[in-house]
Amino acid sequence: MAHIVVLGAGLGGVPMALEARRELGRDHKITVVSDKDTFHFTPSNPWVAVNWRKAEQIKVDLAPMFAKKGIEFVHAAATEVRPEANQIALENGETLTYDYLVIATGPELAFDEIEGLGPHGGFTQSVCHVDHADDASGVWDNFVENPAPIVVGAVQGASCFGPAYEFAMILETDLRKRKIRDQVPMTFVTSEPYIGHLGLDGVGDTKGLLESELRNRHIKWITSARVTKVEDGVMHVEEVNEDGTVKKTHELPFGYSMMLPAFRGIPAVRGVEGLVNPRGFVLIDEHQRNPAHANIFSVGVCVAIPPMDTYAVPVGVPKTGFMIESMVMAAARNIRDELDGKEARHVATWNAVCLADFGDGGVAFVAMPQIPPRNVNWSAEGGWVHLGKIAFEKYFLGKIRSGQAEPFYERALFEMMGVHKLKPDT
Ligand SMILES: Cc1cc2nc3c(=O)[nH]c(=O)nc-3n(C[C@H](O)[C@H](O)[C@H](O)COP(=O)(O)OP(=O)(O)OC[C@H]3O[C@@H](n4cnc5c(N)ncnc54)[C@H](O)[C@@H]3O)c2cc1C
């Protein structure tokens, strides 16, 4: 009996454990290790930050759900991954030994790379974690009593731009509903070379759609922006030319700010020889497997993907939910094949399929493959996107609560769309 350990219980780790259980049956032991005892649906964090959701509504208790599926759950942070010994050291002093390890820890948020950035000791809010969003909701309650300028966006090296746009539009919608929008100048600050780039060199006409959305909502923007420091109520920004010289400096006053940070790998894997790149992202081959340690797989935001291009201000590539689902499917099937004595052959299709909610509308896009030129390069907007995102939230949380791996109709749809490029079993 092999022991498969999944490290992390987010959008990658939980489906990974459930999918592995389905692929492997009850013949093998599966353990999930997470520093949190709940799953939370990250895409809903912006709604929590404006009190459209309570944090508890988007959380799922992991231990009882995993118990029903015969999956062991260890609630402890990993402090060190030791590939040579096939072991993980835990914060509680224990050590876990694995035959296969799937790293699904998401990112560490690199707020400390910019002075004054972030919610702990800094001056900006965060929606990256449900606990941050929960804290931000109290700050928002105070802010709407004392309206002032808002600065929202994503800093240099960030890779997750969709949520920055979503949050800007959601704040704007909330202010309009409260009839205080006229008292709040808003600026969108982003490291992207142009609005709608999204780390993907745009998808369909995201440039046009998002520029028009920002213009319609009277949100000014600064692109190719490098945040140099944040002080209490002032953001210092350099607008950078293509050749790297500074075009203009800005001192932006704010009463409320949320800036997406750059990501890096978590400390438990950073610096482990052969396992990670210099920023601590896990190196993988086309089968989601680490080239140096063949029994380690990785899925989700913690995997290393090179940036699309070199820009004067660094811009990363996003790793979105559909892409993560496809990584999970490939990893689960490859582990099963290896346990059956076959070669790993399943490959994730790195497509971006996204619903970006704007509170009362939104933009949807499909990029297949993620890196251009593409076979499908489509974007559209409308009120249906907001409703679609609410429906998806309910569907996904229901799936996790009942411990369901990907149901047959979702799998059939994804295979039809080419989201899972799964080779037939031989
Ligand atoms: C605000 C926001 C909104 C987003 N919205 C969308 C969207 O609408 N659509 C979309 O497709 N994508 C979206 N994304 C992108 C992506 O889908 C999410 O970031 C997703 O949560 C990534 O899943 P993950 O499993 O890789 O990481 P996470 O969800 O971050 O999960 C990582 C897990 O590892 C655990 N962990 C971390 N360190 C340790 C440790 N040392 N020991 C044990 N456990 C550990 C964490 O507690 C967590 O359980 C969004 C991202 C953000 C930040």
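Residues numbered from 1 in each chain as written. Predicted model: local features only at pLDDT ≥ 70, side-chain atom pairs only at ≥ 80, totals over all residues. Heavy atoms only, no water.

Tracing the chain through its elements places histidine 132 in helix 4 (residues 130–145). Residue histidine 132 is classed as buried on the basis of its relative accessible area of 12%. Discounting residues that sit within four places of it in the chain, histidine 132 has contacts with Leu109, Phe111, Pro119, His120 and Ser126. (Helix = DSSP H or I, 4+ residues; strand = E, 2+ residues; numbered from the N terminus. Buried < 20%, exposed > 50% of the residue type's maximum accessible area, 1.4 Å probe, protein only. Contact = heavy atoms within 4.5 Å.)

An α-helix turns once every 3.6 residues. As a result, residues three or four positions apart point the same way. The terminal C-alpha atoms of helix 4 lie 23 Å apart, and with 16 residues this matches the ideal 22 Å at 1.5 Å per residue to within 8%. Along helix 4, the residues classified as buried are Val130, His132, Ala133, Ala136, Ser137, Trp140, Phe143 and Val144. (Expected span 1.5 Å × (residues − 1).)

What follows deals with the layout of surface pockets. Over the atoms rolls a probe the size of a water molecule, and in doing so it shows where empty space is left. Quantified by volume, the second largest pocket comes out at close to 400 Å³. Surrounding the second largest pocket, 22 residues form its lining, Gly157, Arg279, Ile305, Pro307 and Gly316 being those nearest its centre. No fewer than three residues from each of domain 1 (3–108 + 264–349) and domain 2 (111–262) sit in the lining of the second largest pocket. (1 Å grid on protein atoms, 1.4 Å probe; cavity = no way out; pocket = protein on both sides within 12 Å on 5 of 7 lines; lining within 4 Å. Points joined across faces, edges and corners; volume = space filled by probe spheres on them. Domains from an automatic or database assignment.)

Attention now moves to the domain arrangement of the protein. Along its sequence, the protein is organised into domain 1 (3–108 + 264–349) and domain 2 (111–262). Domain 1 and domain 2 are separated by 29 Å when their C-alpha centres are compared. The interface is formed by 26 residues belonging to domain 1 together with 41 residues belonging to domain 2. At the boundary of domain 1 with domain 2, total buried surface from both sides reaches about 2600 Å², with 62% on carbon and sulfur atoms. Area buried by domain 1 at its contact with domain 2 is led by Ala49, Trp52 and Val313, which between them contribute 20% of it. The interface formed by domain 1 and domain 2 contains five salt bridges. Ionic pairing is found between arginine 279 and glutamate 113, a salt bridge with its closest N-O pair at 3.1 Å. (Buried area = accessible area lost by both parts, 1.4 Å probe. Salt bridge = Lys/Arg side-chain N within 4 Å of Asp/Glu carboxyl O.)

One open sheet accounts for five strands, arranged 5-2-1-9-19; its pairing is parallel. Of all strands in the sheet, those bounded by a partner on one side alone are strand 5 (72–75) and strand 19 (296–298). Across the sheet, the axes of successive neighbouring strands diverge by a mean angle of 20°, strand direction being ignored. In this sheet, strand 19 lies alongside strand 9 (residues 100–103) in parallel orientation, the contact comprising three bridges. Residue leucine 101 lies in a different strand from strand 19, and its bridge partner there is isoleucine 296. (Pairing = 2+ DSSP bridges. Axes fitted to C-alpha atoms, helices over the stretch in contact; angles between N-to-C directions.)

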